[in-house]
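Residue-level listing of the chains:
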Amino acid sequence: MSDTITLKYDVSTDDFTRAGEASSDVKRKLKNMNVNPEAVRKVAIAMYEGEINMVIHANGGVITVTIDPDCITMILADKGPGIPDIAKAMQAGYSTAPDNVRDLGFGAGMGLPNMKKYSDDMKIETELGVGTTVTMKVFLAA
Amino acid sequence: MTVKELIDSGKFEVVNVGAATDTKITDVFCCDLLSIAMSRGIEGAAWVTVMGNINTLAVLSLTDMSCIVLAEGTNLDQAAKAKAIEQKITVLRTDEPEFKAGLYIHGKLG
Ligand SMILES: Nc1ncnc2c1ncn2[C@@H]1O[C@H](COP(=O)(O)OP(=O)(O)O)[C@@H](O)[C@H]1O
Ligand SMILES: [Mg+2]
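Here's what I pulled together on the structure shown here. (Residues numbered from 1 in each chain as written. Chains lettered and ligands numbered in written order. Predicted model: local features only at pLDDT ≥ 70, side-chain atom pairs only at ≥ 80, totals over all residues. Heavy atoms only, no water.)

What about the site of ligand 1?
Residue and element names in this part refer to chain A.
Consideration 1: In the vicinity of ligand 1, 18 residues are found, and the nearest of them are H57, S95, T96, G109 and L112.
Consideration 2: In the environment of ligand 1, an oxygen atom lies 2.5 Å from a nitrogen or oxygen atom belonging to the side chain of S95.
Consideration 3: Expressed as a share of its isolated accessible area of 530 Å², the protein-covered part of ligand 1 is 94%.
Consideration 4: Of all the elements in the fold, those that place two or more residues in the shell around ligand 1 are α2 (37-57) and α5 (111-118).
Consideration 5: Among the residues making up the shell around ligand 1, the classes are represented as eight nonpolar, nine polar and one charged. (Near = heavy atom within 4 Å. Polar contact = N/O pair within 3.5 Å; in protein donor to acceptor, adjacent residues only side chain to side chain. Areas by Shrake-Rupley, 256 points an atom, 1.4 Å probe, with all protein chains shown as cover. Helix = DSSP H or I, 4+ residues; strand = E, 2+ residues; numbered from the N terminus. Nonpolar A, V, L, I, M, F, W, Y, C, P; charged D, E, K, R; others polar.)

This is how it looks when you write it as structure tokens:
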């Protein structure tokens, strides 16, 4: 695995029936590349939560995953409403998800905390009315 | 116990028989909040839940749990049923509460 591999996914609006497909696809590919299982699990969890957030809170977006020999980078970019208070959004249990989303088992306010926990590095860039870009990295032990 | 042995126990109604039914059931996991299931789901566990939507299936495959057992008389919705068939995921169901269903499976582990 010497070159960089780039994967790109369009995550569409409000399509709960497909939410999770991008994360599942990345998980499958990483497994096939024999990336260590712990790193695969971290990527799958962090990316799934980010993918769901794009669908619930931001009308979808684009996920770019780059796989380097020492690091997996996930960039989740949306043109949603932005996050007014990142510190508040990061609190476990904080959620603005509507009832119909809660009825599906989401909206526990655990997404961003899980993303922070399972990635080795996370950065959120957000602008109200413009969108949010979350960049997460999972490092691969040599 | 394997997934096939759980199916064959006759204890649960079969919604879908998936692939890899020779997978060993390693544990029982009960939870209905998907973010918690996503981060805490145990590889190989039978997942007892009342959530029968498409996202339940996504969480199952991302966490490598072995099968879904729907409790409290819940069932997969139509889209989820189609997805379970397509993705070859084993789904069972029962009218029993989660704890009782989970306890039964736990008693058969080994
Ligand atoms: N991509 C996003 N765009 C806009 N708001 C977001 C985004 N991701 C998260 N948020 C905000 O942060 C809150 C907390 O997110 P999270 O921890 O994933 O919990 P949940 O998704 O269960 O609400 C959300 O309820 C929402 O208000
Ligand atoms: Mg979330």
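A short note on the interface of chain A and chain B
Consideration 1: Listed per partner, the contact involves 23 residues of chain A and 19 residues of chain B.
Consideration 2: Carbon and sulfur atoms supply 52% of the area that chain A and chain B bury against each other, a total of about 1700 Å² over both sides.
Consideration 3: It is K27, R41 and Y48 of chain A in chain A that bury the most area against chain B; as a group they hold 27% of the surface buried on that side.
Consideration 4: With its nearest N and O atoms 3.0 Å apart, the salt bridge here joins D64 of chain B to K27 of chain A.
Consideration 5: For the pair chain A and chain B, the interface holds 12 residue pairs in polar contact (both at pLDDT 80 or more).
Consideration 6: When residues of the side of chain A that touches chain B are traced back to their parent elements, those giving at least two are α1 (21-32), α2 and α5 of chain A.
Consideration 7: It is α2 of chain A that provides the largest number of residues to the side of chain A that touches chain B, a total of six residues.
Consideration 8: Considered class by class, the residues forming the side of chain A that touches chain B number 11 nonpolar, six polar and six charged. (Contact = heavy atoms within 4.5 Å. Buried area = accessible area lost by both parts, 1.4 Å probe. Salt bridge = Lys/Arg side-chain N within 4 Å of Asp/Glu carboxyl O.)

Looking at the pairing of strand β2 (residues 61-67) of chain A
Moving residue by residue along a regular strand, the side chains alternate between the two faces of the sheet.
Residue and element names in this part refer to chain A.
Consideration 1: Counted residue by residue, β2 has five buried out of seven residues, so it is predominantly covered.
Consideration 2: Inspection of the sheet shows strand β1 (residues 5-11) paired to β2 by seven bridges, in the antiparallel sense. Each residue of the ladder has a partner; that of K8, found in β2, is T64.
Consideration 3: Pairing of β2 with strand β3 (residues 71-78), which is carried by seven bridges, proceeds in the antiparallel orientation. Residue I63 lies in a different strand from β3, and its bridge partner there is L76.
Consideration 4: Where β2 folds back onto β3 in an antiparallel hairpin, the turn is made up of three residues. (Buried < 20%, exposed > 50% of the residue type's maximum accessible area, 1.4 Å probe, protein only. Pairing = 2+ DSSP bridges.)

Some points on the sheet that holds strand β3 (residues 46-49) of chain B
Residue and element names in this part refer to chain B.
Consideration 1: Taken together, five strands build an open sheet; the order of strands is β1-β5-β4-β3-β2 and the sheet is mixed. Strands with a single pairing partner mark the edges of an open sheet, and in this sheet they are β1 (13-16) and β2 (28-30). Going across the sheet, the axis of each strand differs from the next one's by a mean of 25 degrees, ignoring polarity. (Axes fitted to C-alpha atoms, helices over the stretch in contact; angles between N-to-C directions.)

Description of the pattern of salt bridges
Note on pairing: side chains with opposite charge can pair once their charged atoms come close.
All names here are of chain A.
Consideration 1: All told, the structure shown has nine salt bridges over all chains when counted by the stated rule.
Consideration 2: Notably, a salt bridge pairs D25 with K29, separated by 2.6 Å at the nearest N-O pair. You can see D25 and its partner K29 sitting in helix α1, four residues apart, about one turn around the helix.
Consideration 3: Across the pair K42 and D120 runs a salt bridge whose closest N-O atoms are separated by 2.9 Å. Pair noted here: K42 is in helix α2 and D120 is in the loop between α5 and β4 (121-127), with a separation of 78 residues, a long-range link.
Consideration 4: What makes D120 partly exposed here is its relative accessible area of 36%.
Consideration 5: Each of D25, R28 and K29 takes part in one network of salt bridges that share partners.

Thoughts on α2 of chain A
Consideration 1: Between the first and last C-alpha of α2 of chain A there are 30 Å, a value that for 21 residues agrees with the 30 Å anticipated at 1.5 Å per step.
Consideration 2: Of all 21 residues making up α2 of chain A, 17 are buried, and the element is well covered by its neighbours. (Expected span 1.5 Å × (residues − 1).)

What to know about the pairing of strand β5 (residues 131-139) of chain A
Residues and elements named next belong to chain A.
Consideration 1: Pairing analysis gives eight bridges linking β3 to β5, with the strands arranged antiparallel. The partner of A77 across the bridge, within β5, is T133.
Consideration 2: In this structure, β4 lies alongside β5, joined through seven bridges in antiparallel fashion. Within the sheet, the bridge partner assigned to E127 lies in β5 and is G131.
Consideration 3: The hairpin turn running from β4 into β5, its antiparallel successor, is three residues long, and G129 in that turn takes a positive phi close to 80 degrees.

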